[in-house]
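Remarks on the overall topology
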Amino acid sequence: MLRFWFSCGCFHGTKRSTNLGDMSNTHATAGAPRTLAEKVWDDHVIVRGENGQPDLIYIDLHLVHEVTSPQAFDGLRLADRPVHRLDLTIATEDHNTPTINIDREIAEPTSRAQIEALRKNAAEFGVRLHSLGDAEQGIVHVVGPQLGLTMPGITVVCGDSHTSTHGAFGAMAFGIGTSEVEHVLATQTLPLKPFKTMAINVDGTLRPGVTAKDIILAVIAKIGTGGGQGYVLEYRGSAIRDLSMEGRMTICNMSIEAGARAGMVAPDETTYEYVKGRPHAPQGADWDEAVAYWKTLPTDEGATFDAEVFINADELEPFVTWGTNPGQGVSLSGRVPNPAEITDEHERHAAERALEYMDLNPGTPLKDIEVDAVFMGSCTNSRIEDLRAFTSIIKGKKKADGVRVMVVPGSARVRLQAEAEGLDKIIKDFGAEWRFAGCSMCLGMNPDQLEPGERCASTSNRNFEGRQGSGSRTHLVSPLVAAATAIRGTLSSPWDLEADKSKGA
Amino acid sequence: MEKVNHIHGVAVPLRRSNVDTDQIIPAVFLKRITKTGYDDALFAAWRQDPAFILNQPEYASPSVLVTGPDFGTGSSREHAVWALRDFGFKAVLSPKFGDIFRGNAGKQGLLAAQLSEQDIEEIWATLEARPGMAIDISLESQTVTVGEKTFTFDIDEYTRWRLLEGYDDIALTLRNEAAITDFEKQRPNWMPKTIPAKA
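Residues numbered from 1 in each chain as written. Chains lettered and ligands numbered in written order. Predicted model: local features only at pLDDT ≥ 70, side-chain atom pairs only at ≥ 80, totals over all residues. Heavy atoms only, no water.

A look at the overall build of chain A
Summing up its helical and strand segments, chain A has 17 helices and 20 strands in all. What you see for chain A is a C-alpha radius of gyration of 22 Å, in line with the 23 Å of a compact globule of 505 residues. Seen along its three principal axes, the alpha-carbon backbone of chain A occupies a region of about 70 × 55 × 45 Å. Burial statistics for chain A: of 505 residues in total, 61% are counted as buried. Looking at chain A alone, contacts between residues at least 24 apart form 76% of all its contacts between residues at least 6 apart. Where the 49 positive side-chain charges of chain A centre and where its 67 negative ones centre are 2 Å apart. (Helix = DSSP H or I, 4+ residues; strand = E, 2+ residues; numbered from the N terminus. Rg over C-alpha atoms; globule rule 2.2 N^0.38 Å. Buried < 20%, exposed > 50% of the residue type's maximum accessible area, 1.4 Å probe, protein only. Contact = heavy atoms within 4.5 Å. Lys, Arg positive; Asp, Glu negative; His and termini not counted. Charge placed at Lys NZ, Arg CZ, Asp CG, Glu CD.)

Spelled out as structure tokens, the structure:
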């Protein structure tokens, strides 16, 4: 069934050691088979580090939001430094923005101060900013791809751990801290130590009702929340090839929940089709040149990964988390695990604590768990395809009594498109709230929070204690499971709706 | 970042060990959006006590903090260094520093000098006998002069070089400016470009 092993040590490091002192920008390893990640890395090395020093890497696209940027701009101001490449920098407001009454002043002082600081900094330094109310405003990881700024073979950074999302295009994309944000603003580069590579092979065909979200939750449950640490993950195999760009973004988005700073998918026709024609996509001869280059990026035959994981897509079911980290998940048809049966002592204690926090008993069927709320949104699952999937299930139905259902599009553009397709009407008729774009209840930096003790089926990425509000309890699910749960009031998948129908329920 | 070499100023004998970054700056100050102006946050809890040493008039404008072992342990917050810097401290002397704090200090131009516990004890005794006395530090010769007596301190060679040259992380990278410019010249035209708000 599922196999998982780590092969050798640090392949990349071994290769590097033969090239110490190579200060040129040529590919130090030209000729040897390389992985996608190694190719993108090699093409962005400005100066190769010697004697264990980091490589200096060029950054093609820097995404900025209000939470992690104020002190970075302040640092530039202190040192009297400009933004080195305004044309490779773009900002949006997302973490703190309200999703109702967006024309009113933000009430919470810290939230308002962060938004106001970004507006002031963007104006002073000349950074393009898509503010609340702008048609291009939205979650930074939805906005980049939507504008056609995210494309294969580039390096993308942002002061946000879910920057791994952009790896879905075959870009090298990862989250950075505030000091690094300042560094990129000032130099458009980062000193970085090389990484190891891990192949996540997902072969087979997903059954109807099983989605990209279920793949990544299964991957994290398999390798653990620290399994990807030090690695760049490459998602491969027929099930990944069959996914849309939205699905690939969902998977790469949660690479960080497996401990990996970056996750990637090799570009193919699906990728080119998605990028083509977007506002910032290359055009004419540039497009042809870009595609010709992008076609050289997939991992070479014979290239080796430092570790490999195998997942059989045929066997996957809708997945759900029961605990307080994204690795604590099982198939929805399963039961809450019994900590006493977990052999690893550290994991057993973690499971005991998680069950106490989640107020769950070992052995309880997941499908018996009642929820108070359903959150459909976040940088993991808030794109138009996610909303289409969600509304395909709820269309013509009413939400379960007593369950609060909130639908938050990832960007203003997604909201507009959803409304053009009439999805907002389906959502409102269902009894759900149709909100404006932002990070919203994924992390509750704005007023969208759960009450203490409330339980939520959420399409977001983190089920940490208190993540969706103090004392909140989160079950991570796909948009399809979120929809079925909103209808039945208990954790459910579309398969349960089918079963209800055949029973005449 | 300003070059660091000779420091002359009032030294504060802080007879405490295991001063973690939560004591240096409590978490409540982390919500701020600036990188400066943290002087009010430094040791905020301890400064509630009128008897705390930094509340004494002799120590109104100090430059050097002389403290016990394991200074700067705990949370990685860079704010700890900012708060010390904004209060006016140019150097901290201790028998042992938290690793992350020591790294952050080097990047922000705050000298973290390591002396033996015996030397720190001796410096404390001298400073306490003459409250508000100034001392001299030379990074070049790695010495601290307190009254008639001179002590030597340890600092790793790389951090010493950075401080003497005044290199923060960005300045270090900008030493490769020519290579960055050359790299930028050969970037293909199809790569993404945003529309800046101003040119």
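Right, picking up where we left off after that structure.
Some words on the sheet that holds strand 1 (residues 6–14) of chain B
Residues and elements named next belong to chain B. Read from one edge to the other, the open sheet built from seven strands follows the order 4-3-2-1-5-6-7, with strand pairing classed as mixed. A single partner strand is all that each edge strand has here, and the edge strands are strand 4 (111–114) and strand 7 (149–152). Recorded for the sheet is a direction-independent mean angle of 30 degrees between the axes of neighbouring strands. Relative to strand 4, strand 3 (residues 91–94) is paired through four bridges, and the arrangement is parallel. Pairing of Val92 across the sheet is with Ala112, part of strand 4. (Pairing = 2+ DSSP bridges. Axes fitted to C-alpha atoms, helices over the stretch in contact; angles between N-to-C directions.)

Observations regarding the interface of chain A and chain B
Across the contact, 52 residues belong to chain A and 34 residues belong to chain B. Taken together, the two surfaces of chain A and chain B that pack against each other cover about 3500 Å², and 60% of this comes from carbon and sulfur. Connecting chain A to chain B are four salt bridges. Note that Lys35 of chain B is salt-bridged to Glu182 of chain A, the shortest N-O span being 2.5 Å. Across the contact surface, chain A and chain B share 20 residue pairs in polar contact (both at pLDDT 80 or more). Every element with two or more residues in the side of chain A that touches chain B is listed here: strand 2 (45–47), strand 3 (55–58), helix 3 (70–79), strand 5 (89–92), helix 4 (109–125), helix 6 (178–187), strand 9 (189–192) and helix 11 (284–294) of chain A. When residues in the side of chain A that touches chain B are grouped by element, the largest group, seven residues, is from helix 4 of chain A. Of the residues assigned to the side of chain A that touches chain B, the class counts are 26 nonpolar, 15 polar and 11 charged. (Buried area = accessible area lost by both parts, 1.4 Å probe. Salt bridge = Lys/Arg side-chain N within 4 Å of Asp/Glu carboxyl O. Polar contact = N/O pair within 3.5 Å; in protein donor to acceptor, adjacent residues only side chain to side chain. Nonpolar A, V, L, I, M, F, W, Y, C, P; charged D, E, K, R; others polar.)

Description of the pairing of strand 4 (residues 61–64) of chain A
Residues and elements named next belong to chain A. Residue alternation in strand 4 divides its side chains into two sets, Leu61 and Leu63 and His62 and Val64, and both sets are buried. With three bridges joining them, strand 4 and strand 7 (residues 155–158) adopt parallel strand pairing. Looking at strand 7, one finds that Leu63 is bridged to Cys158. Note: strand 4 against strand 5, three bridges, orientation parallel.

Thoughts on the packing of helix 7 (residues 212–223) of chain A against helix 9 (residues 245–253) of chain A
Residues and elements named next belong to chain A. Look at helix 7 against helix 9: their axes get within 8 Å of each other, and the N-to-C directions meet at 20 degrees. Taken as axis vectors, helix 7 and helix 9 run roughly parallel relative to one another. By crossing handedness, the relation of helix 7 to helix 9 is classed as right-handed. Judged by residue contacts, Ala212, Lys213, Ile215 and Ile216 of helix 7 engage Gly247, Thr250 and Ile251 from helix 9. Of the residues in the contact of helix 7 with helix 9, the class split is four nonpolar, two polar and one charged. (Parallel < 35°, antiparallel > 145°, perpendicular 65-115°, else oblique. Left-handed = near helix turned anticlockwise from the far one by under 90°.)

Here's the deal with the nonpolar core
Judged by nonpolar contacts, the single largest core of 94 residues is most densely connected at Phe73, Met172, Tyr235 and Trp294 of chain A. The element best represented in this core is helix 7 of chain A, accounting for eight residues. In this view, Trp294 of chain A contacts Met151, Pro152, Pro267, Tyr272, Val275, Pro282 and Trp287 of chain A together with Trp190 of chain B; residues no more than four positions away in its chain are not counted. Within the second largest apolar cluster, 47 residues are counted, among which are Leu360, Ile384, Leu491 and Leu497 of chain A. (Core = buried A, V, L, I, M, F, W, Y, C linked by side-chain atoms within 4.5 Å.)

Considerations on helix 12 (residues 345–358) of chain A
Residue and element names in this part refer to chain A. With 14 residues, helix 12 should reach 20 Å at 1.5 Å per residue; the first-to-last C-alpha distance of 20 Å fits that figure. Buried within helix 12 we find Ala350, Ala351, Ala354, Leu355, Tyr357 and Met358. Each buried residue of helix 12 sits inside an arc of 160 degrees when the element is viewed along its axis, so together they form one side. When the buried face of helix 12 is taken as reference, the exposed residues oriented beyond 90 degrees from it are Glu345, Arg353 and Glu356. Each element contacted by the buried residues of helix 12 is listed here: strand 19 (455–458) and strand 20 (473–476). At the N-terminal end of helix 12, a side-chain oxygen is found 3.1 Å from the backbone nitrogen of His346, two or three residues along, and the residue is Asp344. Just past helix 12, the residue Asp359 takes up positive phi, approximately 55 degrees. (Expected span 1.5 Å × (residues − 1). Arc of directions from axis to C-beta.)

Regarding the confidence of the model for chain B
Looking at chain B as a whole, the pLDDT averages 95, with 99% of positions reaching at least 70. The ipTM value of the predicted complex is 0.90, and its pTM value is 0.90. (pLDDT = per-residue confidence, 0-100.)

A closer look at the packing of aromatic side chains
Throughout the structure, instances matching the rule amount to 18 aromatic pairs over all chains. Seen in terms of ring centroids, Phe71 of chain B and Phe101 of chain B are 5.3 Å apart; in terms of plane orientation they differ by 80 degrees. Their pairing is edge-to-face. Of this pair, Phe71 of chain B sits in the loop between strand 2 (62–67) and helix 2 (79–87) while Phe101 of chain B sits in helix 3 (residues 99–108), and the two are 30 residues apart along the sequence. A single burial state applies to Phe71 of chain B and to Phe101 of chain B, both of which are buried. Taken together, the ring pairs connect Tyr272, Trp287, Tyr293 and Trp294 of chain A together with Trp190 of chain B into an aromatic cluster. Positioned above the aromatic ring of Phe436 of chain A is the side chain of Arg415 of chain A, whose terminal nitrogen or guanidinium carbon lies 3.7 Å from the ring centre. The aromatic ring of Trp46 of chain B is capped on one face by Arg16 of chain B, whose charged end is 4.0 Å from the ring centroid. (Phe/Tyr/Trp six-rings, centres within 6.5 Å; stacked < 30°, edge-to-face > 60°. Lys NZ or Arg CZ within 6 Å of the ring centre and 35° of its normal.)

Overview of the confidence of the model for chain A
Residue-level pLDDT values for chain A average 93, and 94% of them are 70 or greater. Residue range residues 1–29 of chain A is modelled with pLDDT below 50. Its contacts to residues more than four positions away, or to other chains, number 68 contacts.

Some points on the sheet that holds strand 9 of chain A
Residue and element names in this part refer to chain A. If you walk across this open sheet you meet the three strands as 2-3-9, and the pairing is antiparallel. If you trace the sheet from one side to the other, it starts and ends with strand 2 and strand 9, each paired once. Strand-to-strand twist in this sheet, taken as the mean axis angle between neighbours without regard to direction, amounts to 40 degrees. As judged from the four bridges shared by strand 3 and strand 9, these two strands associate in the antiparallel manner. By the bridge assignment for strand 9, Tyr58 is matched with Thr189.

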